[in-house]
Amino acid sequence: MRPDTPDTAVAARHTPTGLLLALTSALAFGTSGTLARGLMDAGWSPGAAFAVRVTLAAAVLAVPGLLAVRGRTRLLLTHARTIVLYGLSAVACAQLFYFMAVQRLDVGIALLIEYTAPVAVVLWMWFAHGQRPGRFTLVGAVVAAVGLVLLLDVVGDTQIDLVGVLLSLVAMTGAATYFVMSADDSSGLPPLTLAAGGLVVAAVAFWILAAVGVIPFTMTTDPVVFATGSVPWWVPVALLGFVAAALAYVTGIAAARHLGGRLASFVALTEVAAGLGFAWALLDQAPGPWQCLGALLVLAGIVVVKLGERDVTSLGGDEGLLVEPFPVQHPPGGR
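Residues numbered from 1 in each chain as written. Predicted model: local features only at pLDDT ≥ 70, side-chain atom pairs only at ≥ 80, totals over all residues. Heavy atoms only, no water.

Under an unreviewed UniProt entry, the protein chain has the name DMT family transporter and belongs to Aeromicrobium duanguangcaii. Recorded under Subcellular location (unreviewed entry), the UniProt text for the protein chain is reproduced unchanged: "Cell membrane". (UniProt positions renumbered as here; feature names shortened; annotations may be inferred.)

Following this line, the structure appears as structure tokens:
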């Protein structure tokens, strides 16, 4: 009998549990755009929505995150750069720019643009590092590009805010970092500690920038109106902090370590469907027929890109199966 391959090793890491965690994370993340848009329509700035989300989540997870490394607190110093990078990129960049984008775009459009991260990273690695993708991967990239054209209704009458598109693309870089760093367990940092540390870093960075006037901060106590009715302002605030951030990040990191980055990022695509569903139900943001087709093509293209990467990386034998969908940057002190 052959020794365990990476595939069987991943399967041994409780795949059903990982799938449940990944789906929970995707549903929790999927609420964020709709909740934030409701607050912004009530007079909140994107920065304020972001601030309450990360600050509440950081407050909830700070103590559990420290307890998770009890007796190993040296890890926090050894891997401080990893935590700071995660907080600024995977948390702050991904969330803040996404909230800024949904202020200008429908939630579903902003979310789908953000989720083109796998395609963008493949192209970047090709042009910047000479890692030529296979034909299957290129086909997926083209399909996703066509889907984006339809999604943005470039040839139609819909007016798409270009600034919103650019903000979504910036959020996309943070999303790519999230999947890469969440899947890399070489630092020894528990998922809870990495999530808590990243949220604390993001919260501190935001409040410093807000205090010096770099990021506008506006909030109100007016009721927040959704398509289903109005609710007190603290309801979406609480959901943003406890569900769309604390729960979403902890389960997302744990899922990536159970499943590996590739499978976790596949399952995370259900966040797009969840985001579209929440936006449709609570904001009455129903996409047009061509935009629905574009959304399906974007998702199909991303799936094909990932399948193409798996085929290419596995050509060299079992070792290739270890390659994640994004280039993993190991933190200082890692393997």
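Picking up where we left off.
This next bit is on the overall build of the protein chain. On a plain count of helices and strands, the protein chain comes out with 15 helices and two strands. Expressed as a percentage of the 335 residues in the protein chain, the buried residues total 51%. Taking the intrachain contacts of the protein chain between residues at least 6 apart in sequence as the baseline, contacts between residues at least 24 apart amount to 88%. Summed over its atoms, the accessible surface of the protein chain is roughly 15,300 Å², and 69% of this surface lies on carbon and sulfur atoms. (Helix = DSSP H or I, 4+ residues; strand = E, 2+ residues; numbered from the N terminus. Buried < 20%, exposed > 50% of the residue type's maximum accessible area, 1.4 Å probe, protein only. Contact = heavy atoms within 4.5 Å. Areas by Shrake-Rupley, 256 points an atom, 1.4 Å probe, with all protein chains shown as cover.)

What follows concerns the packing of helix H4 (residues 46-67) against helix H6 (residues 80-102). Closest axis-to-axis distance for the H4/H6 pair is 8 Å, and the angle between their directions is 140°. Considering the angle they form, H4 stands oblique to H6. Handedness of the crossing formed by H4 with H6: right-handed. Of the residues in H6, those touching H4 at Pro46, Gly47, Ala49, Phe50, Arg53 and Val54 are Val91, Ala92, Gln95, Leu96, Phe99 and Met100. Tallied by class, residues from the contact of H4 with H6 come to nine nonpolar, two polar and one charged. (Axes fitted to C-alpha atoms, helices over the stretch in contact; angles between N-to-C directions. Parallel < 35°, antiparallel > 145°, perpendicular 65-115°, else oblique. Left-handed = near helix turned anticlockwise from the far one by under 90°. Nonpolar A, V, L, I, M, F, W, Y, C, P; charged D, E, K, R; others polar.)

This part is about the nonpolar core. Counting residues in hydrophobic clusters, the biggest one holds 78 residues, and the most contacted among them are Phe50, Tyr86, Tyr98, Leu199 and Tyr249. Broken down by element, this core gets its largest block of residues, ten residues, from H6. Within the second largest apolar cluster, six residues are counted, among which are Ala22, Ala255, Ala264 and Val267. (Core = buried A, V, L, I, M, F, W, Y, C linked by side-chain atoms within 4.5 Å.)

What follows concerns the environment of Trp44. Position of Trp44 relative to the elements: it lies in the loop between helix H3 (32-41) and H4. Spatially, the C-alpha atom of Trp44 lies 4.4 Å from that of Met219, the residues being 175 residues apart in sequence. Ignoring anything within four residues of it in the chain, the contact list for Trp44 reads Leu39, Ala49, Val52, Thr218, Met219, Thr220, Trp233 and Val237. A polar atom in the side chain of Trp44 sits 3.1 Å from the backbone oxygen of Thr220. (Polar contact = N/O pair within 3.5 Å; in protein donor to acceptor, adjacent residues only side chain to side chain.)

This paragraph deals with the packing of helix H2 (residues 15-30) against helix H12 (residues 234-259). Here H2 crosses H12 at 150°, and the two axes come no closer than 7 Å. Taken as axis vectors, H2 and H12 run roughly antiparallel relative to one another. You can see that H2 and H12 cross each other, and the crossing is left-handed. Where H2 abuts H12, its residues Thr15, Thr17, Gly18, Leu19, Leu21, Ala22, Thr24, Ser25, Ala28 and Phe29 lie against Val243, Ala244, Leu247, Ala248, Tyr249, Thr251, Gly252, Ala254, Ala255, His258 and Leu259.

This paragraph deals with the packing of aromatic side chains. Evaluated as defined, the whole model comprises seven aromatic pairs. The interplanar angle of 35° and the centroid separation of 6.3 Å between the aromatic rings of Trp44 and Trp233 together place this pair among those described as tilted. Here Trp233 lies in the loop between strand E2 (229-231) and H12 and Trp44 lies in the loop between H3 and H4, a separation of 189 residues in the sequence. For Trp233, a relative accessible area of 28% gives the class partly exposed. Taken together, a centroid distance of 5.4 Å and an interplanar angle of 75° make the contact between Phe206 and Trp207 edge-to-face. A relative accessible area of 2% places Phe206 in the buried class. Through a chain of ring-to-ring contacts, the aromatic side chains of Phe50, Phe206, Trp207 and Phe217 assemble into a single cluster. (Phe/Tyr/Trp six-rings, centres within 6.5 Å; stacked < 30°, edge-to-face > 60°.)

Time to look at the confidence of the model for the protein chain. Segments scoring low in pLDDT should not have their predicted coordinates read at a detailed level. Per-residue confidence for the protein chain gives a mean pLDDT of 79; residues scoring 70 or more make up 80%. Taking the mean pLDDT of every element in the protein chain, the minimum, 43, falls on helix H1 (residues 6-11) and the maximum, 95, on strand E1 (residues 224-226). In the predicted structure, residues 1-12 sits below a pLDDT of 50 and forms nine contacts with residues beyond four places in sequence or in another chain. Note that pLDDT drops below 50 for residues 311-335; the model gives that stretch 56 contacts with residues more than four away or on any other chain. (pLDDT = per-residue confidence, 0-100.)

Let's shift gears to a nonpolar patch on the surface. Taken together, the side chains of Val200, Val204 and Ile208 define a hydrophobic patch exposed on the protein surface, amounting to about 240 Å² of accessible area. Within the secondary structure, Ile208 sits in helix H11 (residues 191-211). (Patch = residues over 30% accessible without salt bridge, like charges linked within 9 Å, V, L, I, M, F, W, Y side chains within 5 Å. Salt bridge = Lys/Arg side-chain N within 4 Å of Asp/Glu carboxyl O.)

Turning our attention to helix H7 (residues 107-114). Where burial is concerned, most of H7 is hidden: eight out of the eight residues are buried. Inspection of H7 places Val107, Gly108, Ile109, Ala110, Leu111, Leu112, Ile113 and Glu114 among the buried residues, and these make up the whole buried set.

If you trace the backbone, Pro216 turns up in the loop between H11 and E1. Sequence separation between Pro216 and Gly47 is 169 residues; the distance between their C-alpha atoms is 6.4 Å. Once you skip the residues sitting within four places of it in the chain, Pro216 turns out to touch Ser45 and Gly47.

Here the phi dihedral of Asp284 falls at roughly 60°; this positive angle occurs in a residue that is not glycine. For Asp284, a relative accessible area of 57% puts it in the exposed group.

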